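Fold and contact review
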Amino acid sequence: MSLTIALAGNPNSGKTTMFNKLTGANQRVGNWPGVTIDRKTGKIRGTDYELVDLPGIYSLSPYSPEEIVSRNFLINDKPDAVINIVDATNLERNLFLTLQIIDTGIPTVVALNMMDQVRKLGDQIDVEKLSRDLGCRVVPVSALNAEGIKELIAAVGEAAESKKAPEPMYFDGDVEAAISQAREALHGKVPDDLLRFYAVKLVENDNAVVEQFPEARDRIAGVLKELEEKKDDDCDSIIADGRYTRITEIAQSAVKKAPRDERGTFSDRVDRIVTHRIWGIPIFIGVIAVVFLGIIGFAWGDFEVVGIGTYCTDWVNDVFFGEWIIPAVTEWCESDGVYSALDALLCSGIVGGVGAVIGFLPQMLLMFLALCILEDIGYMARIAFVMDRVFRHFGLSGKTLIPLLVGTGCGVPGVMASRTIESERDRRITAMTTTFIPCGAKLPVIAMITSAVFPGNGLIAVFCYVMGIFLVLVSGIILKKLKSLSGTPSPFIMELPPYHVPSATNIIKGTLDRGWAFCKKAGTIILLSCIILWFLASYTPGLEYIGDNATSADSILAAFGEAVCVIFAPLGWGDNWELTVGTITGLIAKENVVGTFGTLFGIEAGENGEGLEIVLGAMLTKSAGLAFLAFNLICAPCFAAIGAMHRELGRWRDTLMAVGYQCLLAYAVALIIYGFTSYIGGWNSLVVDGSVVEQAAPIGSTIAAVVVLAVIVYLLWAKDPFRQLSGKDEYDAEEEMRA
Amino acid sequence: MSNDLVVGAVIALMVIASVSYLVYQRRKGISSCGCKGCSRCKGSGSNVTIDEGGCDRCRKN
């Protein structure tokens, strides 16, 4: 018989790990709460049961969109049974949701997860007693070690087929009297089996239920007022208090805790340093710096250390492509004695363009590996915690960090992850600004510009990430001053998962998944773009083939690029139409910036076989290179990410506004970088044929940069006309009045 | 003899393979970046996941 089983539990309780174990799926697992933002379905192996993995929730009174997904599924879709994943190391907090799930009347099996951790701590849980007290089957499991999975499947099958609802928890007499009145008021309006659940929620003043049944709420308003007066508390607190009292009783009788080390657990001790209010942020910057310096390298004057990623990328570009692939393909193409247009398309267009992108694969894989390790250890969750204080100061919630962290892989899921934020306004600002953080596709651009104008200097990559976070903060202040985006930041409550030794499977899978996605993109969208670009660069507007001279000024692409490149002249790179074309093709996919240069210049671009970086080094000063990089990282993301932004923002008008804001901000930042940094010694010179050619000081750009900076400073410091007082502000104002 | 025919065939095969794969991804609801962004869910509310797996059902939240 086909049954639907829901998998529900607190965030980071191991639901997705359990989902993967039960179904054999390979859904992404992350060591931070909020990895799942929508439900996922799969078949439990060896059965006909459909398993639905729901986003993590703390209660059935939801606040954020992904919590609504969980509640609506349980209430509206009525699964045949629920597997409630409970973190056995935090039983008291997890049972708060369990009692509410039991209230829905759906047959429930409690999966007591992380039992391996419980044993490690020396705690003992009387599973039989817990099962009797909760009124439903309890199965001890360890999703990570696949312990107790068979027993869990058998138990949930029995529960679903028996259709026996567990016994709900009863409150004290006064509360039960109010619930009884609520049941009468709701009678006939909700299904009978959900009557108690809705009645408790009505007494609890649950927003969704009160909005759905306003007459019923009015009917029992007197009863609730009486109850609140008698108990001297709010109704929601009375219900929560009742539940916690019962949970304490259950936990005390079923759990025997071993004495704890006074210094706390290992995670507590590490957190005292890593999440320290002063050292937390420098440690975060230090960790990111170590990652990038190790992968890209470090250069200061004559001192240079080549990063392992740079070393591998150089080998792929210089030896694999430069000495093996390109000569072999060219030789084959020329074997008939003719180098035709088709031969040129294959050699320059396809191998040159796609090869330039693939050349950065080693660096990308190492970067993905480092990010996967940090994520699996549990450090990513700490970054969100540490940065919350900073973000709150700028009017944003620390929850904004979660989409930013997801966005380091790809902007599309990053933008989607913004839906974990409860406040609609914070959510919209986050969806608009998440792509400021460099995604995987932007890494080849960073690596290419770094190797061209700042050879072997990993600090440029660190700068890109810090700039991304800084611009999210600046945008938080500026955008909050718009009426439609004003408001106080939503509270940020996040459970810090314990540190654990990273799982090799998770890390390898995460790294290879991202690397494979990169290769697939190079073989599809980048390949097609390179073919089109080669055509546009090799034919005149009259469709006359001008030979394999891709940088010819007569080509269609040159005509277009030269018409547009004047826009970028104040940013220091308007003299070269190739750079403008690269920026525009980056809208299709950011790797296309590299692919475009590969097609236009070739990987072995110079007459003497110099690399792409030599050609770019002769086109961009350090200032212009940094401005080019900043513009390409901040301006409108690729079309896929714009689509994701549209799905989150809802209206095209808002999406266009967001894209317009991103482009404007990118232009402003690039202008400021170019206008001010050109005066640093050696930053305004080009390296042409090995000799340094000093460029004229960009006075016009500097004046424009001063004006733009003044406007930004004004927007940052101008009074917020729509500022709403937070609870703390109101308290401070009251204190001031009293004084 | 000119090898243009072979080169042309290789390029045509690459183009056909990449276009077919893009269409296949699109039909599976995977966007061009390789991440999941279900096109079928368009307009039905927010029903996409951050996971790289297959596409879920589209129902209004």
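So, here is what we can say about the structure in this document. (Residues numbered from 1 in each chain as written. Chains lettered and ligands numbered in written order. Predicted model: local features only at pLDDT ≥ 70, side-chain atom pairs only at ≥ 80, totals over all residues. Heavy atoms only, no water.)

Of all eleven residues in helix H22 (residues 443-453) of chain A, ten are buried, a share of seventy percent or more. Every buried residue of H22 of chain A is listed here: Leu443, Pro444, Val445, Ile446, Ala447, Met448, Ile449, Thr450, Ala452 and Val453 of chain A. (Buried < 20%, exposed > 50% of the residue type's maximum accessible area, 1.4 Å probe, protein only. Helix = DSSP H or I, 4+ residues; strand = E, 2+ residues; numbered from the N terminus.)

What follows is about the sheet that holds strand S5 (residues 108-113) of chain A. Residues and elements named next belong to chain A. Pairing is mixed across the open sheet formed by six strands, whose spatial order is S2-S3-S1-S4-S5-S7. Among the strands making up the open sheet, the edge pair consists of strand S2 (40-43) and strand S7 (137-140). Within this sheet the neighbouring strands show an average axis-to-axis angle of 25°, counted without direction. Relative to strand S3 (residues 50-53), strand S1 (residues 4-9) runs parallel, the two being bridged by four bridges. (Pairing = 2+ DSSP bridges. Axes fitted to C-alpha atoms, helices over the stretch in contact; angles between N-to-C directions.)

With that out of the way, let us pick up the packing of aromatic side chains. All names here are of chain A. One pass over the structure, following the stated rule, counts 21 aromatic pairs over all chains. With 6.4 Å between their ring centres and 85° between their planes, Phe631 and Tyr667 make a pair best called edge-to-face. With Phe631 in helix H29 (residues 622-634) and Tyr667 in helix H31 (residues 652-677), this residue pair connects regions lying 36 residues apart in the sequence. The exposure class assigned to Phe631 is buried, which follows from its relative accessible area of 6%. Judged by its relative accessible area of 24%, Tyr667 is partly exposed. In this structure, Arg382 is placed above the aromatic ring of Tyr499, and the distance from its NZ or CZ to the ring centre is 3.9 Å. (Phe/Tyr/Trp six-rings, centres within 6.5 Å; stacked < 30°, edge-to-face > 60°. Lys NZ or Arg CZ within 6 Å of the ring centre and 35° of its normal.)

Attention now moves to the environment of Cys565 of chain A. Residue and element names in this part refer to chain A. Relative to the helices and strands, Cys565 is located in the loop between helix H25 (556-564) and helix H26 (577-585). Note on Cys565: relative accessible area 8%, which makes it buried. It is 8.2 Å that separates the C-alpha atoms of Cys565 and Leu579, two residues lying 14 residues apart in sequence. Other than its neighbours up to four places away in sequence, Cys565 contacts Gly574, Trp577 and Thr580. (Contact = heavy atoms within 4.5 Å.)

This part takes up a nonpolar patch on the surface. Judged by side-chain polarity, Tyr679, Ile699, Ile703, Val707, Val711, Tyr714 and Leu715 of chain A come together as a nonpolar surface patch covering roughly 710 Å² of accessible area. Residue Val707 of chain A is classed as exposed on the basis of its relative accessible area, which comes to 51%. (Patch = residues over 30% accessible without salt bridge, like charges linked within 9 Å, V, L, I, M, F, W, Y side chains within 5 Å. Areas by Shrake-Rupley, 256 points an atom, 1.4 Å probe, with all protein chains shown as cover. Salt bridge = Lys/Arg side-chain N within 4 Å of Asp/Glu carboxyl O.)

All names here are of chain A. Packing of helix H15 (residues 308-334) against helix H17 (residues 361-377) brings their axes to within 7 Å, and their N-to-C directions diverge by 155°. Considering their axes alone, H15 and H17 lie roughly antiparallel with respect to each other. From H15, Ile308, Gly309, Thr310, Cys312, Thr313 and Val316 reach across to H17, where they touch Pro362, Gln363 and Leu366. Its residues assigned to classes, the contact of H15 with H17 comprises five nonpolar, four polar and no charged. (Parallel < 35°, antiparallel > 145°, perpendicular 65-115°, else oblique. Nonpolar A, V, L, I, M, F, W, Y, C, P; charged D, E, K, R; others polar.)

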